[in-house]
Amino acid sequence: MSNYNKGFLYFICAVSAMGGLLFGYDWVVIGGAKPFYELYFDISNSPLMQGVAMSTALIGCLIGAMVAGSAADRYGRKPLLTLAAVLFTVSAIATGLFNDFTLFNIARFVGGVGIGVASALSPMYIAEVSPAEIRGRMVSLNQMTIVLGILAAQVVNMLLARDTSVVESQTWNIEWGWRWMFWAETLPAALFLLMSFFIPESPVYIKLRTERLELKGMNTSGVEKSIAKETKSLSSQFSVLSSMQYRRVLVLGLVIAVFQQWCGTNVIFNYAQEIFVGAGFDVDGMFINIVITGIANVIFTIVALYTIEKWGRRTLILLGAGGLGLIYLTLGTCYFFEVKGFAMVCLVVAAISTYAMTLGPVTWTLLAEIFPNRIRGIAMATCTFALWVGCCTLTFSFPSMNAALDSSGTFWIYSGICMCAFIFLWNRCPETKGKSLEELERELIK
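None of these values were measured; they are calculated from a predicted model. (Residues numbered from 1 in each chain as written. Predicted model: local features only at pLDDT ≥ 70, side-chain atom pairs only at ≥ 80, totals over all residues. Heavy atoms only, no water.)

### Comments concerning the overall build of the protein
A count of helical and extended segments in the protein gives 19 helices and 0 strands. Each of the 446 residues in the protein was classed as buried or not, and the buried ones make up 57%. Taking contacts inside the protein between residues at least 6 apart in sequence as the whole, the part at least 24 apart equals 84%. Accessible surface, the protein as shown: approximately 17700 Å² in total, 68% of it carbon and sulfur. (Helix = DSSP H or I, 4+ residues; strand = E, 2+ residues; numbered from the N terminus. Buried < 20%, exposed > 50% of the residue type's maximum accessible area, 1.4 Å probe, protein only. Contact = heavy atoms within 4.5 Å. Areas by Shrake-Rupley, 256 points an atom, 1.4 Å probe, with all protein chains shown as cover.)

Next up, the structure:
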């Protein structure tokens, strides 16, 4: 660690992690704007259009995550982070500006692409510039900024949403309130764009690019074969990624990524209105409870920054899977017996806190660590794509599940998913703390 300029390291990691902050804000802000833009666009009685509005950004996430890895391996990590900042800035302005529902969704899609790129690139960049002894903590900084972005969106939504019991205030919410919720993202997005020009390229990408250039500069027949092999591998990265050599670690990464979504915690952010109203709260009470969950999210993410290097990744991810399984079992039972009020808030906060301390940061840390340098870009993008597929299916399925099974049955299903994931991770998830990326490659790729 003495060979590193700590101040500069923290600076470039913080800049990269701003992608996480905007990821968190852009992803959650729509939950607070939802009650108002639905009335503005006259879709409050159209479940299909409501689903479209909630999911267009997620579709953008899929596209962004899908192209991020191969583009990062070809053009570098830094230009992709700058591109994400541009997309966030454009989306923040345009979403609040448009009066047409189609254009509104196009703007949300653009922001979603930015989320997909940032969610893949920010943790990968931080992992590649950080030394092994603090890598987990530094990658967790990305999760810290995500939850700060979530909390910022929740606070902004609460402050901008005027008293819903007053007619004049409700009219302002419908005409302008939801617009300012999106516009508030412009300031951090523009700052991220500016600061992205002051960070260096990832040393891992520079090394890979240098090796390719050195190969191309040599003329022996043996090296020409190496060039051909290298070119072939670059043009068929997905085939290489799915080969027997990498299949085991790829499956592990995919399960971790999808489970982070299908554990069910994120429906609390996207469908807070349904969850808290079902627990007996009105819209104003919903906003207050959302901020409470956001504060818990931040506090326990801070706890994770200190425990991830002490307890290890494996311990925390198992704690998250098992803990959430038990909490959701209890939460579903309370919904079944129609328990309402403060007890339900406590259970929701317990779920958010457990997630924030475990699955939230540990998922991104493990995904940034377990893949070899040669395939990290495409592997990270593939797993991030799978994560957003999980998020899309979770978001689409929750209203139908909630209507068909009630909240009790829905959370019992999430409990079962958590228990199944616990068994899989107990058998397959390694401990990665304190090991260099090269050491992990030797251990995991056999």
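Back to the text.
### Quick look at the packing of helix H1 (residues 6-40) against helix H7 (residues 186-195)
Remark: H1 packs on H7, axes separated minimally by 10 Å, with the N-to-C direction vectors making an angle of 145°. Of the two elements, H1 crosses H7, and the hand of that crossing is left-handed. Counted together, Phe 11, Val 15, Ser 16, Met 18, Gly 19, Leu 21 and Leu 22 of H1 and Pro 188, Ala 189, Leu 191, Phe 192 and Met 195 of H7 form the full contact between these two elements. Classifying every residue of the contact of H1 with H7 gives 10 nonpolar, 2 polar and no charged. (Axes fitted to C-alpha atoms, helices over the stretch in contact; angles between N-to-C directions. Left-handed = near helix turned anticlockwise from the far one by under 90°. Nonpolar A, V, L, I, M, F, W, Y, C, P; charged D, E, K, R; others polar.)

### Points about unusual backbone geometry
Positive phi, close to 60°, is recorded for Glu 338, a residue that is not glycine. Within the fold, Glu 338 resides in the loop between helix H15 (313-336) and helix H16 (342-357). Its identity as a non-glycine residue notwithstanding, Asp 406 has a phi of 70°, on the positive side. Position of Asp 406 among the secondary structure elements: in helix H18 (residues 376-428). Since its relative accessible area comes to 43%, Asp 406 is described here as partly exposed.

### So, the pattern of salt bridges
Side chains that carry opposite charge are capable of pairing whenever their charged atoms lie near each other. What the rule picks out here adds up to 6 salt bridges. In this structure, the salt-bridge partner of Glu 128 is Arg 77, at a minimum N-O distance of 2.8 Å. Pair noted here: Glu 128 is in helix H4 (residues 101-129) and Arg 77 is in helix H3 (residues 77-97), with a separation of 51 residues, a long-range link. Each of the two residues, Glu 128 as well as Arg 77, counts as buried. With a shortest N-O distance of 2.5 Å, Arg 313 and Glu 369 are connected by a salt bridge. Here Glu 369 lies in helix H17 (residues 359-369) and Arg 313 lies in helix H15, a separation of 56 residues in the sequence. The exposure class of Glu 369 is buried, given its relative accessible area of 0%. Counted as one network, the salt bridges with shared partners bring together Arg 135, Glu 309, Arg 313 and Glu 369. (Salt bridge = Lys/Arg side-chain N within 4 Å of Asp/Glu carboxyl O.)

These figures come from the coordinates and say nothing about function on their own.
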